[in-house]
Amino acid sequence: MNAVVKLLCAALASGTAFGLWTVFQFVYHQLTSPIRHLHGPKGTSWTYGNMRDIWNAENSVLHEEWVKQYGNTLKYKGFFNSDRLFTMDMRAINHVLTHSNDYEKPSQVRYNLSQILGEGLLFVEGSQHRQQRHIMNPAFGPAQIRGLTDIFLEKSLRLRDVLSSEIAKDPVGTTPSARIDIMPWLSRTTLDIIGLAGFNYNFDSLNANEKPNELNEAFSTMVDANQSLSILTILRARLPPLRILPNDRARRIQVARQSVELLQRIGNELLSDAKAAARASATEKGEIEKNSLHGRDLLSLLVKANMATNIPESQRLSDEDVLAQVPTFLVAGHETTSTAVTWALFAMTKAPEIQVKLREELLSVDTETPSMDELMALPYLDAVVRETLRVHSPVPNTLRFATKDDVIPIEKPYTDKYGVMHDSIRISKGDPIFIPILVPNRSTELWGPDAHEFMPERWQSIPEAVSHIPGVWGHLMSFLGGPRACIGYRFSLVEMKAILFTLVRAFEFELAVPVSEIGKKSTLVQRPVLRSDPNNKSQLPLLIQPYRRT
Ligand code: HEM
């Protein structure tokens, strides 16, 4: 036997041994985990369990049916019919979210994220997460977001002008209105905003004459690539040796990565500029103080916070860590906000009286560039944004894995499949836990019988029960809660308000298709699709016409 054959045999033997060990661990875990005793639906496929049903269901309908049938705490089936915990018990969810060291993101989610983002805030866990978050938090404070508001408005006004010229180019019939798929335009707007506000880079993708920006395309590719639920994709995430096999998703991610690499090169330059600016702002003694720095974009603020003399050396982030935040900001802060604004417009086409009432409030402001405080003081705009994030939360749910055996406290006792009553949930290391976002946001038990309806007026007086929802903002789960809650929620709220402020003042919106045509597709974010579109492309075709004051 020559050396090459020996090497191949050895590699095959170790691969087989690793595979068998993984299968043994998996089966052993399924046979011993305490969550196997919970009630719950049967898997509808051996490979996908209930996953396909979840992906195909719109909003939280399926989970709501399960809660009706099995109660607040149940199990459902994940890939290869493995058990996953689902609970609507607010005390239990709070426990999982606040103990973020004991409940981490699943390794396959982290693997997928790291493919694109490197080791930014979304990826890291434990002490590395605490360190990054500590340095990054100040950049997302109210004073910093106040300084970014004019960027949000500048890009919103640019979108308004582009839409106006699109309408002028392609009017429908005799009325000055046009059929426009608003999704890509909003996506370009939030890309341009996060470019400038995130790291002082002008993508300039809001340009009606240019083809879509390469980077914007790359990120849409990535979000779409994350939807493909093939067996190989699942196995690749679980069994690292299989990652050498090519597949379509990997190829598409590779394309996105090339753009990320381009971005990293740009990031390197931005980082050196930000560092130079921070050094230039040092005091005569050469000290850089965290609070004395007023760079505008998030990256500059982060660099300055990281270089501040009062930060101990051990807590500073490496250049690599700082650079990993650039694609992280892009992915976390771009499609999420554009999707939220898309749903707000959709909701207001379904309820034109809400659109009229909002427009009246917005037109009472006598400038097209209000300050953050002026925007935040508009009560109906606030209620529309809250109601959008409640009913159409862009991120519909998330997942965690237990890193140790634990006993999760609960508010309401539940009965297992043997009829035994429990006042806590026992969980073993490695158990997956589904964290619902849309289900509590739309729960009739918490919000009342009209919970599924879009009613901004409900925010004048919300039920006491929702105060138990452990979200970081607005009694909603939309930005999650605990130490891993969305760091960008203030950024996103002001950004959403600036875009809606500008668009609803300038245009009237109508759906260009019957409302029954609009479906929801769950991916990393929930986006609208046309039910009749065989390609399932995310889109929201609207008829848009300039608003003329009478
Ligand atoms: C409507 C808009 C947004 C929504 C609904 C949203 C939602 C969320 C959610 C649910 C998470 C937790 C994900 C998980 O742990 O599984 C998260 C995390 C995060 N978000 Fe947002 N987000 C939005 C906008 C933004 C913006 C504008 C930025 C940045 C400028 C941002 C940056 C981040 C980052 C960096 C994390 C990771 C935080 C950590 O793990 O410590 N997000 N977001």
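About the thresholds
- Residues numbered from 1 in each chain as written.
- Predicted model: local features only at pLDDT ≥ 70, side-chain atom pairs only at ≥ 80, totals over all residues.
- Heavy atoms only, no water.
- Patch = residues over 30% accessible without salt bridge, like charges linked within 9 Å, V, L, I, M, F, W, Y side chains within 5 Å.
- Areas by Shrake-Rupley, 256 points an atom, 1.4 Å probe, with all protein chains shown as cover.
- Salt bridge = Lys/Arg side-chain N within 4 Å of Asp/Glu carboxyl O.
- Helix = DSSP H or I, 4+ residues; strand = E, 2+ residues; numbered from the N terminus.
- Pairing = 2+ DSSP bridges.
- Axes fitted to C-alpha atoms, helices over the stretch in contact; angles between N-to-C directions.
- Contact = heavy atoms within 4.5 Å.
- Left-handed = near helix turned anticlockwise from the far one by under 90°.
- Nonpolar A, V, L, I, M, F, W, Y, C, P; charged D, E, K, R; others polar.
- Near = heavy atom within 4 Å.
- Polar contact = N/O pair within 3.5 Å; in protein donor to acceptor, adjacent residues only side chain to side chain.

Peer 1: Explain a nonpolar patch on the surface to me, using residue names and the numbers behind them.
Peer 2: On the surface, Trp21, Phe24 and Tyr28 cluster together to form a nonpolar patch covering roughly 390 Å² of accessible area. Inspection of the secondary structure assignment puts tyrosine 28 in helix H1 (residues 3-32).

Peer 1: So what's going on with the sheet that holds strand E9 (residues 507-511)? Which residues, and what values?
Peer 2: Within the open sheet, the three strands sit side by side as E4-E12-E9. Their pairing is antiparallel. Because the sheet does not close on itself, it has two edges, and the strands there are strand E4 (178-181) and E9. When strand polarity is set aside, the average angle formed by the axes of neighbouring strands in this sheet is 40 degrees. Lying over the sheet, helix H14 (residues 335-350) contacts E9 and strand E12 (541-546), oriented at roughly 80 degrees with respect to E9. Seen against the sheet, helix H20 (residues 489-506) touches E9 and E12 and runs at an angle of roughly 90 degrees to E9.

Peer 1: Please provide a residue-by-residue account of the packing of helix H17 (residues 379-391) against H20, values included.
Peer 2: Interaxial distance between H17 and H20 falls to 10 Å at its minimum, and their mutual angle equals 115 degrees. At the point where H17 passes H20, the crossing takes the right-handed sense. Of the residues in H20, those touching H17 at Leu381, Asp382, Val385 and Leu389 are Leu493, Met496, Lys497 and Leu500. Considered class by class, the residues forming the contact of H17 with H20 number six nonpolar, no polar and two charged.

Peer 1: Give me the site of the ligand: which residues, what numbers.
Peer 2: Taken together, 26 residues are adjacent to the ligand, and His129, Arg133, Thr398, Arg400 and Cys486 come closest. Separating an oxygen atom of the ligand from a side-chain N or O atom of arginine 133 is a distance of 2.8 Å. Among the secondary structure elements, those contributing two or more residues to the shell around the ligand are helix H6 (126-136), helix H13 (319-333), H14, strand E5 (397-402) and H20. Partitioning the shell around the ligand into residue classes produces 14 nonpolar, eight polar and four charged.

Peer 1: Go over the environment of asparagine 56 with me, naming the residues and quoting the values.
Peer 2: Relative to the assigned elements, asparagine 56 resides in helix H2 (residues 51-56). As a C-alpha pair, asparagine 56 and serine 522 span 466 residues in sequence and 7.5 Å in three-dimensional space.

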